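# Overview (structure and organization)
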Number of protein chains: 2
Amino acid sequence: MKIKRSDRLVDMTHYLLNHPHTLISLTYFAQKYKSAKSSISEDLTIIKRTFETNGFGIIETLPGAAGGVRFTPSIPWDEAKDYINHLCDYMTSKERLLPGGYVYLSDILGDPEVLQQIGRIIAAKYKDQNVTAVMTVATKGVPIAQAVANYLNVPFVIVRRDSKITEGSTVSINYVSGSSDRIEKMELSKRSLPSGSRVLIVDDFMKGGGTVNGMRSMIEEFDSETVGVTVFAEAAYTDNKETDDYVSLIRVNEIDLRNRAMKVGLGSYFDE
Amino acid sequence: MKIKRSDRLVDMTHYLLNHPHTLISLTYFAQKYKSAKSSISEDLTIIKRTFETNGFGIIETLPGAAGGVRFTPSIPWDEAKDYINHLCDYMTSKERLLPGGYVYLSDILGDPEVLQQIGRIIAAKYKDQNVTAVMTVATKGVPIAQAVANYLNVPFVIVRRDSKITEGSTVSINYVSGSSDRIEKMELSKRSLPSGSRVLIVDDFMKGGGTVNGMRSMIEEFDSETVGVTVFAEAAYTDNKETDDYVSLIRVNEIDLRNRAMKVGLGSYFDE
C-alpha cells in the first residue's frame with residue numbers, strides 16, 4: 001500500500017535524524033513507501049525547508065545514480081551562543097568549586113539534554129572535516145565523546161590512564177601532566193583505531209593541556225591525524241598552557257578559592 | 001504566519017523525538033505554529049499512527065488543562081530480538097577472546113548506532129517504572145548508561161573505582177569482587193544522587209556480579225531504590241554468580257580459551 005505524504009514526512013524525519021552524515025538513496029525511500037521518486041523529492045523539499053528554518057542542520061540532495069539525500073546536523077551560531085551562555089550562568093555557583101581549582105561538572109555532564117546540545121555544538125564545528133573517529137580519555141570525557149560521535153556518526157575511542165587486562169594488547173605512551181609535572185602513562189587498545197584515521201579530540205576540562213598533548217602523540221602512534229581539539233571547559237586562569245591549539249566552549253576565567261567565587265564566560269569557540 | 005501541516009509534522013516529530021518521557025502541552029505547539037489546538041490534535045493523530053506502525057514508541061494524548069502529549073520510546077519485541085541476534089553473530093569471533101574469559105567489546109560499545117539501539121532496548125523494559133536515574137561504574141558501562149538515560153530522559157551517575165580529587169566529597173563502600181575474591185572499593189560523589197531516587201543499574205559485562213551488588217549497596221547508602229539491573233553481556237559459563245536478580249541482553253554461554261572459541265546467545269531479556 002502506498003504511504004501517504006503526511007506519514008512519509010514523519011517517518012523520513014525520524015530516519016534522517018537517526019542517520020546523520022549518511023547518504024541515503026532516494027530509491028530506498030521510494031521502495032519503502034511504494035511512492036514515486038518525484039514524490040520523495042517533494043517530501044525532501046518540505047523537510048529541507050523545516051530543518052533549515054529551525055536550524056537542525058543541512059539537507060543536501062545529490063543528483064544522479066550514486067546520489068541521494070544527506071542530513072548534516074548543525075546549530076545556528078546564536079542558538080549555540082545562547083545555550084552556552086545559559087550553561088555559564090548555571091555553572092557559576094560557589095558550590096561547584098573543588099580543591100585544586102577544579103569545577104564540579106558531573107551533574108551537567110550526566111544530563112542527556114545538555115550532552116546532546118554540547119555534542120551538536122561541537123559536531124557542527126567539524127561537520128565538513130571528514131572526521132572518522134572521536135577520541136577522549138577516561139572517564140569524564142566519555143559522555144562528551146559519545147554525544148559528539150553521535151552527531152558525526154563515527155565511532156569514539158577511549159584512552160585509559162589505568163592498565164586494564166580486558167582490552168587486549170595496547171599501545172602506551174608517556175606524557176607530562178602539566179598540573180602535577182609528573183610523568184604519566186596512557187594506553188589505547190591496539191585494535192581500536194585504524195591507521196589513517198582523522199581524529200577529533202574532546203575532553204571535559206583542560207588545565208595545562210598535558211593530557212591533550214598525550215592524546216595527540218597517541219594519534220601519531222596510530223599513524224593517524226588530529227583534526228582538532230575541543231574541550232567543554234578550560235581553566236583560562238592558568239598561564240602555563242602547554243598547547244594553544246584547541247577550542248573551548250567555556251572559559252573559567254577566575255577562581256578565588258578563599259572566597260569561593262568563580263568567573264565563567266564563553267570559550268574560544270565563540271571568539272570572532 | 002501560520003505554519004503548514006507538512007512543516008508542523010516535521011518539526012513536531014523532531015521535537016517529540018528530542019523530548020522523550022516529557023509531557024508537552026498542546027498549547028505549546030499551538031502557539032509555536034500559530035495554529036488551532038484542533039489542528040495540532042489532528043497532527044498528533046498522524047504522528048501517533050506513524051510512530052506506532054513503525055515501532056518507535058507510544059504517543060499518548062492526555063486530555064484536560066494539565067494534559068498534553070507524551071512520547072515514550074520503545075521497540076517491538078521482534079525488532080529487539082533480531083537486532084541482538086545480529087549482534088551475537090557479530091560478537092562470535094575468536095579475535096574477541098581476551099585472557100581471563102573477557103570479551104573485547106570496545107568497538108561495539110563505541111559505535112553510536114549500536115549504542116542507540118542498546119539504549120532503546122534497555123529503556124523500553126523500564127519505560128513504565130518511573131526510573132529517575134541510571135547508574136553505572138566507570139569506564140566501560142558509561143556509554144550504555146548514557147544511551148539508556150537518553151531514551152528515559154533522566155540523568156546518569158558514574159560510580160568510580162579510583163579515588164579522584166575532582167568530585168568533591170564522596171560516599172565510598174567496599175564490595176567483594178567475585179572474579180578475584182578481593183575486597184574492592186567504589187565511590188560516588190555525594191551530590192550526584194538525590195535521596196529517594198529510583199535507580200536503574202546498567203553495565204557492559206557481568207561475570208560474578210560483585211560490582212552490581214556493590215552498586216546496589218551504594219544505592220541504599222543514598223536512601224534510594226534499585227528499580228532493576230540490566231547488563232549488555234553476561235558470562236553465563238560461570239556458576240558462582242552472587243546475584244540472579246538481573247537481566248542480560250546477551251549470554252556468553254561457553255568460552256574455550258585453548259581453542260579460542262566462544263558461544264554467544266540471547267540473554268535473559270528475551271526469556272519467555
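Note that the coordinates shown come from a computational prediction; the quantities given were computed from them, not determined experimentally.

### Digging into the environment of Ser192 of chain A
- Structurally, Ser192 of chain A can be placed in the loop between strand E8 (182-189) and strand E9 (198-206).
- Given a relative accessible area of 17%, Ser192 of chain A falls into the buried group.
- The spatial distance from the C-alpha of Ser192 of chain A to the C-alpha of Val159 of chain A is 9.7 Å, given a sequence separation of 33 residues.
- Discounting residues that sit within four places of it in the chain, Ser192 of chain A has contacts with Val157 of chain A together with Tyr104 of chain B.
- Engagement of the side chain of Ser192 of chain A in a polar contact is seen with the backbone oxygen of Ser189 of chain A, the distance being 2.8 Å.

### Description of the relation of the copies chain A and chain B
- After a rotation of 180° and a shift along the axis of 0.0 Å, chain A superposes on chain B with an RMSD of 0.0 Å. In the structure described here, the two chain copies are related by an operation that fits a two-fold rotation axis.
- Most of the interface of chain A is mirrored in chain B, where 100% of its interface residues are also at the interface.

### Looking at the pairing of strand E11 (residues 247-256) of chain B
All names here are of chain B.
- Bridge analysis of strand E10 (residues 225-235) against E11 gives five bridges, and the strand direction is parallel. Directly across from Glu234, in E11, lies its bridge partner Arg251.
- In this structure, the hairpin formed by E11 and strand E12 (residues 261-266) is closed by a connection of four residues, where Arg260 is found at a positive phi of approximately 50°.

### Remarks on the environment of Lys127 of chain B
Residues and elements named next belong to chain B.
- Its location among the elements puts Lys127 in the loop between helix H5 (112-125) and strand E5 (133-137).
- Sequence separation between Lys127 and Thr72 is 55 residues, and the spatial gap between their C-alpha atoms is 7.1 Å.
- If we skip the residues at most four places from it in the chain, Lys127 touches His21, Ile58, Thr72, Pro73, Ser74 and Leu152.
- There is a polar contact of 3.5 Å between the side chain of Lys127 and the side chain of Asp128.

### Comments concerning the interface of chain A and chain B
- At the interface, 54 residues of chain A touch 54 residues of chain B.
- Of the roughly 4,600 Å² buried at the junction of chain A and chain B (both faces included), carbon and sulfur atoms supply 55%.
- Taken together, chain A and chain B are joined by two salt bridges.
- Among the ionic pairs, Arg49 of chain A bridges to Asp7 of chain B, the shortest N-O distance being 2.7 Å.

### Some remarks on the UniProt feature "domain: Bacterial purine repressor N-terminal" (unreviewed entry) in chain A
- According to UniProt, the feature "domain: Bacterial purine repressor N-terminal" (unreviewed entry) maps to residues 4-73 of chain A in the numbering used here.
- From the first C-alpha to the last, residues 4-73 of chain A spans 26 Å; its make-up is 57% helix and 17% strand.

### Some words on helix H4 (residues 77-91) of chain B
Residue and element names in this part refer to chain B.
- The first and last C-alpha atoms of H4 sit 21 Å apart over 15 residues, in line with the 21 Å expected at 1.5 Å per residue.
- Of the positions making up H4, those classed as buried are Ala80, Tyr83, Ile84, Leu87, Cys88 and Met91. When H4 is viewed along its axis, its buried side chains cluster within an angular range of 145° and face the same direction. Residues of H4 that are exposed and angled more than 90 degrees away from the buried face: Asp78, Asp82 and Asp89.
- Elements in contact with the buried residues of H4: strand E4 (102-103), H5, E10, E11 and E12.

Procedures and definitions
Residues numbered from 1 in each chain as written. Chains lettered and ligands numbered in written order. Predicted model: local features only at pLDDT ≥ 70, side-chain atom pairs only at ≥ 80, totals over all residues. Heavy atoms only, no water. Helix = DSSP H or I, 4+ residues; strand = E, 2+ residues; numbered from the N terminus. Buried < 20%, exposed > 50% of the residue type's maximum accessible area, 1.4 Å probe, protein only. Contact = heavy atoms within 4.5 Å. Polar contact = N/O pair within 3.5 Å; in protein donor to acceptor, adjacent residues only side chain to side chain. Least-squares fit on C-alpha atoms with pLDDT ≥ 70 in both. Pairing = 2+ DSSP bridges. Buried area = accessible area lost by both parts, 1.4 Å probe. Salt bridge = Lys/Arg side-chain N within 4 Å of Asp/Glu carboxyl O. UniProt positions renumbered as here; feature names shortened; annotations may be inferred. Expected span 1.5 Å × (residues − 1). Arc of directions from axis to C-beta.

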